[in-house]
Amino acid sequence: MLKSTLDFILGHYAYWFTFILLVIGLYGMMMKKNLVQKLIGMTIFQVSVIIFYIAGASKWGGTVPVIEESLLHAAHVQLPDPAHYINPLPHTLMLTAIVVGVATTGVAFALVISIYKRYKTLNEDALLKKMREDKNDDLTD
Amino acid sequence: MMTLLIDNSPVLIPLIFLATALLIPVVAAKRKTLAWPLAFWATIAVVAVSIFNVRRVICDGPVHYRLGNWAPPIGIEYVLDHLSAFVILVINSVALLVLLHAKKVVARELPHKRVPYYAAVILMLCGFNGIVITGDLFNLYVFLEISALSLYGLIAAGEKQSPVAAFRYLIMGTIAASFYLLGVGFLYMETGSLNMADVKAILPTVIDQPAILVALVLMVLGMGIKMALFPMHGWLPDAYTYAPTTSSAIIAPTGTKVGAYVMLRVMFFVFGVNFVSKTLPLTQIISWLSAIAIIYGSVLAIAQKEMKRMLAYSSVAQIGYIGLGIGLANPMALIGALFHVLNHAFMKACLFLVAGNFRYKLGHSNVSRLTDAVRKKMPWTMAAFTVAALSMVGLPPLSGFFSKLFLILGAYENSAWYFIVIIFISSLLNAVYFFRILEKVYMRPRIPVPGQEEETDVKRDEVSASMLLPTLILAAGLIIFGILNAFIVKGIINFMIPAGM
Amino acid sequence: MHPEVEVIFFIFLIIAALISLNVKNLLVAVVTLTVFSFVSALLYVAMGAVDVGFTEAVVGAGVTGVFFVVLIFKTGRKSAEKKPRFQTGNYVVLVIFCGLLIFGSLSLPNRGDLQSNLNRETSPAGTSNAGVHYIKHAYKDAHTPNMVTVTLADYRGYDTLWETAVIFTAALVCFLLLRRTRLQPMMDPADKKEESAAGAA
Amino acid sequence: MNSAETYTSIIPLLAVLVSLIAVPLILLSSKFKNLRESWTILAALIKFGLVLSLLPGALAGKAAQCSVLEIFPGIDLSLRADPFGVFFALIASGLWIFTSFYSIGYVRGAPEKKQTRYFASFAVCLSATIGIAFSANLISFIIFYEILTIATYPLVIHKETKKAIDAGRKYLIYTLTAGLFLIAAAAWTYQITGTLDFKAGGLFGSAVLDPRDAVMLFLLFLGGVGVKAGIMPLHSWLPSAMAAPTPVSALLHAVAVVKSGVFAVIRVVGFVFGPTMMAKFGLDTILMTLAGITIIVASLIALRQDNLKKRLAYSTVGHLSYIVLGAALLTAEGFTGGMLHIAFHATMKITLFFVAGAIYINLHRENISQLNGIGRVMPWTMGAFTIGAIGLAGIPPINGFVSKWYLGLGAVQADNLIPLGILVLSGLLNAAYFFPIVYIAFFKKGEGLEGKGEAPLLMVVPIVITATLSLLFGIYPDLFFKFYQLAVNISAAILGGG
């Protein structure tokens, strides 16, 4: 009983830490008013999603998914043992996800710069106020 | 050569777009005028392929295309079934018409940015098509980001306020995409697969796990944001209002539909009808949210003066119709939702093009400043507007009527009379905000405005053919789809009903 | 897996994230964020994802960090944030979100459980598991010892293709946004002339 | 003739399309007035001829059917000229000819602006009306019904005054809402039965219906068709819509729109629910109560109107409910009387509206208190008015008497004396609000009438003809078109099929 509980905690604690990070990131995106801080929150958020995948891929006693030099010849005749290597698929996915995340951040930077050029502020509340004040903005009756 | 093209027709669409997007900056760097023809002809090619694909699916049934020749769970698979072929054709044909209209608009609005602008449009379409055609959950995420990034750019190229709107959309969009990715993560850890069909096959063995539920909720939330389902629509009105004319005209009909498509695909084709509507009350929640969206969007649309903003809120309402059809989860309602995907794409594109024509000739698209001079100036534009408006109100034999009829039948099937009431109220609200414009334009001003002398002889000053033609084709489409709805429904939409519904 | 190392890294990450979000000086925030990225890279390595760790260190921490610094120099260093109101609604949403995730995680298989669907050779539906397939066949299929590379370049090569497209898109959009010119008014110049002439008369 | 024998024919479709084809021709020849008007006249004549050619078949109990295309999965856009449809189409298309001539006189005399739009909308309206008459199922019916709504709107707001625009809005709100009710009702019916084809005696067949659902469904239908039929409390758009030019009021509010409404009521009662179901769930009582109240209240309101067109409008509201009442009786004579009243009320009321228009064009007078002595100036016009008034009061030898007689017989047949009482009372009230007009027109001395004569010939001739028709039908109801024969056949079919 105790062992299974311990196993369960050992098998899940990484997820829970990840979720805390996720919530911190989401908090930054939702509640911070400064656009740069929002982006910091976004970065944290994206990193935590990546951690989630990587954590799920790992195995007890598994090694990095690269076949050791010494086993290379054997690999021709005998297929590698799956239990011995960490699942490479999530790693591949996350390589893509990192790049996608950085691309998003890049676009966000471009947006922030053009916002700053136009409004000279990065505070969301101030921005919304200024947006509504713009002269051609008589939108509602 | 021909057989090669035919065999690879599913993958051809994203690849043509990608190649074009790469070509545009290279070829058009020196001669900016080349950007539009490249984009336009690529879209024509894609529409041709889409038509061929629809034909292929109708004749031969669904096509599973293996990329790199790896069998599905190992490699990535593209699936061309009735649903994806249909949605792709809708997206691309609307995009083609809007692009035809765009030539003059973009040349005037964004003369120095034409090259990156058209490349971004093409990339966005590439992303949309990829989302629809892929059969792999992670591949979908990548396409989602391609389309999202280009969307941010297309919106932010607009008026002074547009980058702020785009930034807010970016934050929401990233949350949405990350939710989706997180959901895929949960699903992957439970099933060990990323292929939609494979996941569907494995799911019954683990369906009672909370992780599956959470995966579903996360994915639906993410797509709810992307399709601007109430109350996650906050990004939409500003984005559509401040974006350049062509951007809103091309995003409004296509973008949210893709979100709706993914939601539908994930819910009914991955998790299964039984799970989402019987085991969980998820579809009920979606239908109620959609019902609120329908009323909320229609009411706010009435309060708007600026036509683009009015159309944006009306989009929120119309997405509600699609959501309602998904949420009712029975064949009739789903047919209604899918038929409305087609209708709404054409209606919204037409209306946004009309707004563009107004801006082009009048310099504004402010509803309160329209007079009967507009009709004399632009009779054909107004005719298109009238058709689209009547279709939005839902008058037969225009297509908007039939999607509503299907939805009503679907609501009866679930004995959900309250949704019928909601559809009615929204039809009347639609009538209010469209007839308000029609009245203004087709009648003399009731009280002469002081200082603004009566324009007694207004000359006809219609927009040029390249702008008028797509507007009229879209309007004609509404009449044709209305009259031929039975053929469309029986020919293709009927085959999209998922198993178990 | 080394739980003790991972826990330390995690705690470090949480602290870094909180600091980075809550300091007033944005430059400090960005430096902390870079630290956060590096630590996360280390965490990936600790979890056995060497390639991901390298990429994160270079792209995540390096490139993003530099971008952030440039951005701050171009805009402003201080976050002029007033004392925010305590937004109960938002906190409730966050708590619900966290609760939902934890609830979902309870049924996830233990990490490294070889019997879970994630690591089994064939799924309950009888299809083969992609991850396991890659481990077993990567070298045979592609003669490259690194399975991640093989997956990236071969099995799931189309992900990588579109990943490049994402970068291209981002570059293009930045180009689109950062050009000086703004949206031009749509009114026909000829029409406008006419209108002003009418106004003058 | 339980289920009318059907033969394929393209004539119903042609009859609908004729005036639709005329629309682009009218629009194209907007610069040449005479050419434009001749299109209208030509279309009206051809249309009437086509409908007339269907009459022999209808009398023999055959129905010409023409399926155009599948408009909804499993349901065709289908036109079927059954006897009842032919009956209604005959009235509408026949009176369109007179109205066309009269309109030409009216709009040129006024003179109205935007005449092209006027004639084009008119033609669309007629297409829709014939479409309503020939619709073989509810979906086709709804389509034409909504087209009629939209095509009438430009006519209602034709004058573009504030009053007209407000009336137009009111009209749209009422009719669009009604359209939605009808859609809901049709969808529900489809849900229950899987078919929407009209069938004499009811289309529900063996479908089992919960009593509460039956009442709900019936009320939905009634909400849908009751607005155009002017059943109280859904009538109030009708008097407001009198802001339209008089020929519009005449044709649309005495013939096309409101008659489409009562036509639809009979369709619903006789061809959707059927007499058996109506009686089983007590739906006839609901209908009869509403109709009875409408007849009395509308007549009382009419008494107090000084504006001639308003008085006519309320009189219309009352008379429409005669027809509804006839249907609600669920007896052969009742149906016959109701149907005859569709035809006969049309000839009488159109005469009265024509007269009102002629007075307006000629003397620019709209109020009854200003009509002193005009009978001496416009003897033909006011003579026609007298005939109409006598008929509406139900006095022989005008045709109004005939239909009312059968309504009365129907009430007796149903063994229900309350409707009979209502009919008698309403006859008295009719006399009370029409005869004073006749009296002051002929026997009081008027002012400012020096040098005035009859209205233009294009207006007087249609007036005289419609009045003569009312008289002739009163003497011999089966004249020309065998309205009586048709009506009897149809009621037999409805009751026999149930």
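Residues numbered from 1 in each chain as written. Chains lettered and ligands numbered in written order. Predicted model: local features only at pLDDT ≥ 70, side-chain atom pairs only at ≥ 80, totals over all residues. Heavy atoms only, no water.

**What to know about the overall build of chain B**
Across its full length, chain B holds 20 helices and 2 strands. Taken over C-alpha atoms, the radius of gyration comes to 22 Å for chain B, in line with the 23 Å a tight globule of 501 residues would show. By principal-axis analysis of the C-alpha atoms, chain B measures approximately 75 × 60 × 45 Å. In the form shown here, chain B has an accessible surface area of approximately 13700 Å², with 67% of it arising from carbon and sulfur atoms. Side-chain charges of chain B comprise 36 positive and 22 negative groups, with the mean position of each set lying 7 Å from the other. (Helix = DSSP H or I, 4+ residues; strand = E, 2+ residues; numbered from the N terminus. Rg over C-alpha atoms; globule rule 2.2 N^0.38 Å. Areas by Shrake-Rupley, 256 points an atom, 1.4 Å probe, with all protein chains shown as cover. Lys, Arg positive; Asp, Glu negative; His and termini not counted. Charge placed at Lys NZ, Arg CZ, Asp CG, Glu CD.)

**A short note on the interface of chain C and chain B**
Counting residues at the interface gives 50 residues for chain C, matched by 74 residues for chain B. Each partner contributes to the roughly 5200 Å² buried at the junction of chain C and chain B, and carbon and sulfur atoms together form 72% of this total. The tally of links between chain C and chain B comes to 1 salt bridge. Here C:Arg156 makes a salt bridge to B:Asp136, at a shortest N to O gap of 2.6 Å. At the boundary of chain C with chain B, the tally comes to 10 residue pairs in polar contact (both at pLDDT 80 or more). For the side of chain C that touches chain B, the element with the highest residue contribution is helix H7 (residues 157–178) of chain C, accounting for 15 residues. Taken together, the residues of the side of chain C that touches chain B sort by class into 29 nonpolar, 12 polar and 9 charged. (Contact = heavy atoms within 4.5 Å. Buried area = accessible area lost by both parts, 1.4 Å probe. Salt bridge = Lys/Arg side-chain N within 4 Å of Asp/Glu carboxyl O. Polar contact = N/O pair within 3.5 Å; in protein donor to acceptor, adjacent residues only side chain to side chain. Nonpolar A, V, L, I, M, F, W, Y, C, P; charged D, E, K, R; others polar.)

**Topic: the interface of chain A and chain C**
The partner chain C presents 88 residues to the 84 residues of chain A that form the contact. Here chain A and chain C share 0 salt bridges between them. Between the two partners, chain A and chain C, sit 17 residue pairs in polar contact (both at pLDDT 80 or more). Going through the elements one at a time, helix H1 (2–31), helix H2 (35–57), helix H3 (74–77) and helix H4 (88–119) of chain A are the ones with two or more residues in the side of chain A that touches chain C. If one sorts the elements of the side of chain A that touches chain C by residue count, H4(A) sits on top with 25 residues. For the side of chain A that touches chain C, the residue count by class is 58 nonpolar, 19 polar and 7 charged.

**As for the side chain of B:Glu109**
You can see B:Glu109 is positioned in helix H4 (residues 82–109). There is a polar contact of 3.0 Å between the side chain of B:Glu109 and the side chain of B:Thr245.

**Description of the sheet that holds strand S2 (residues 62–72) of chain D**
All names here are of chain D. Spatial ordering of the open sheet is given by S1-S2-S3, a layout of 3 strands whose pairing is mixed. Here the strands that pair on one side only, and so sit at the sheet edges, are strand S1 (5–8) and strand S3 (75–81). Along the sheet, successive strands turn relative to each other by an average axial angle of 40°, direction set aside. (Pairing = 2+ DSSP bridges. Axes fitted to C-alpha atoms, helices over the stretch in contact; angles between N-to-C directions.)

**Brief notes about the arrangement of the chains**
The interface with the highest contact count, out of 4 pairs of chains in contact, is the one between chains A and C. A gap remains between chain A and chain D, with no contact made and the closest C-alpha atoms lying 20 Å from each other. In this assembly chain C lies apart from chain D, the nearest approach of their C-alpha atoms being 28 Å.

**Side note on a positive patch on the surface**
Taken together, the side chains of A:Lys117, A:Lys120, C:Lys74 and C:Arg180 define a basic patch exposed on the protein surface. With respect to the helices, strands and loops of the structure, A:Lys117 is situated in helix H4. (Patch = residues over 30% accessible without salt bridge, like charges linked within 9 Å, V, L, I, M, F, W, Y side chains within 5 Å.)

**A word on the nonpolar core**
With 536 residues, the main nonpolar core has B:Phe271 and D:Phe273 as its most contacted residues. Ranked by residues supplied to this core, first place goes to helix H14 (residues 331–362) of chain B with 22 residues. Mapped onto the domain boundaries, this core takes at least three residues apiece from domain 1 (1–81) and domain 2 (129–182) of chain C. Residues in contact with D:Phe273, not counting those within four places in the same chain, are D:Gly201, D:Gly202, D:Phe204, D:Ala214, D:Leu217, D:Phe218, D:Phe221, D:Val268, D:Met278 and D:Leu283. (Core = buried A, V, L, I, M, F, W, Y, C linked by side-chain atoms within 4.5 Å. Buried < 20%, exposed > 50% of the residue type's maximum accessible area, 1.4 Å probe, protein only. Domains from an automatic or database assignment.)

**A word on the packing of helix H5 (residues 130–142) of chain C against helix H6 (residues 147–155) of chain C**
Residue and element names in this part refer to chain C. At their nearest, the axes of H5 and H6 sit 9 Å apart, and the two run at 75° to each other. By the angle class used here, H5 and H6 are roughly perpendicular. Facing His133, Tyr134, Ile135, His137, Ala138, Asp141 and Ala142 of H5, the residues of H6 in contact are Met147, Val150, Thr151 and Tyr155. The class makeup of the residues in the contact of H5 with H6 is 7 nonpolar, 3 polar and 1 charged. (Parallel < 35°, antiparallel > 145°, perpendicular 65-115°, else oblique.)

**Here we look at helix H1 (residues 11–28) of chain D**
Residue and element names in this part refer to chain D. When the terminal C-alpha atoms of H1 are compared, their 26 Å separation across 18 residues agrees well with the 26 Å that a helix rising 1.5 Å per residue should span. The largest bend in H1 is about 35°, located at Leu17. Among all positions of H1, only Pro12, Leu13, Ala15, Val16, Val18, Ser19, Ala22, Val23 and Ile26 are buried. Here the buried face of H1 lies against helix H2 (33–59), S2, S3, helix H3 (83–109), helix H4 (115–134) and helix H5 (138–156). (Expected span 1.5 Å × (residues − 1). Bend = angle between axes of the 7 residues up to and from the residue.)

**A few points about the confidence of the model for chain A**
Residue and element names in this part refer to chain A. Chain-level statistics for chain A give a pLDDT mean of 85 and a share of 91% at 70 or above. Mean pLDDT per element in chain A: H3 is the minimum at 63, and H2 is the maximum at 93. Under a pLDDT of 50 for its full length, residues 137–141 has, in the predicted model, 20 contacts with residues more than four places off or in other chains. (pLDDT = per-residue confidence, 0-100.)

**Quick word on unusual backbone geometry**
The linkage connecting B:Pro396 with the following residue, B:Pro397, adopts the cis geometry, with an omega of 0°. One can find B:Pro397 in the loop between helix H16 (379–393) and helix H17 (399–413). With omega at 10°, the peptide bond leading from D:Pro396 into D:Pro397 counts as cis. Position of D:Pro397 relative to the elements: it lies in the loop between helix H14 (379–392) and helix H15 (399–413). Despite not being glycine, D:Asp415 has its phi angle at roughly 60°, a positive value. One can find D:Asp415 in the loop between H15 and helix H16 (417–443). A relative accessible area of 71% means that D:Asp415 is categorised as exposed.

**Some details on H16(D)**
All names here are of chain D. Across its 27 residues, H16 extends 38 Å between first and last C-alpha, which sits within 8% of the 39 Å expected from 1.5 Å per residue. The axis of H16 is deflected most strongly, by about 30°, at Phe434, and proline Pro436 appears within four residues downstream. At the N-terminal end of H16, a side-chain oxygen is found 3.3 Å from the backbone nitrogen of Ile418, two or three residues along, and the residue is Asn416.

**Overview of the packing of helix H11 (residues 245–279) of chain B against H14(B)**
All names here are of chain B. One way to put it is that H11 packs onto H14 with a least axis distance of 7 Å and a crossing angle of 170°. It follows that H11 is roughly antiparallel to H14 by the angle criterion. With respect to the hand of their crossing, H11 and H14 are arranged in right-handed fashion. Residue-level contacts link Thr245, Ser248, Ala249, Ala252, Pro253, Lys257, Leu264 and Phe268 of H11 to Leu334, Leu338, Val341, His344, Ala345, Ala349, Phe352, Leu353, Gly356 and Arg359 of H14. Among the residues making up the contact of H11 with H14, the classes are represented as 12 nonpolar, 4 polar and 2 charged. (Left-handed = near helix turned anticlockwise from the far one by under 90°.)

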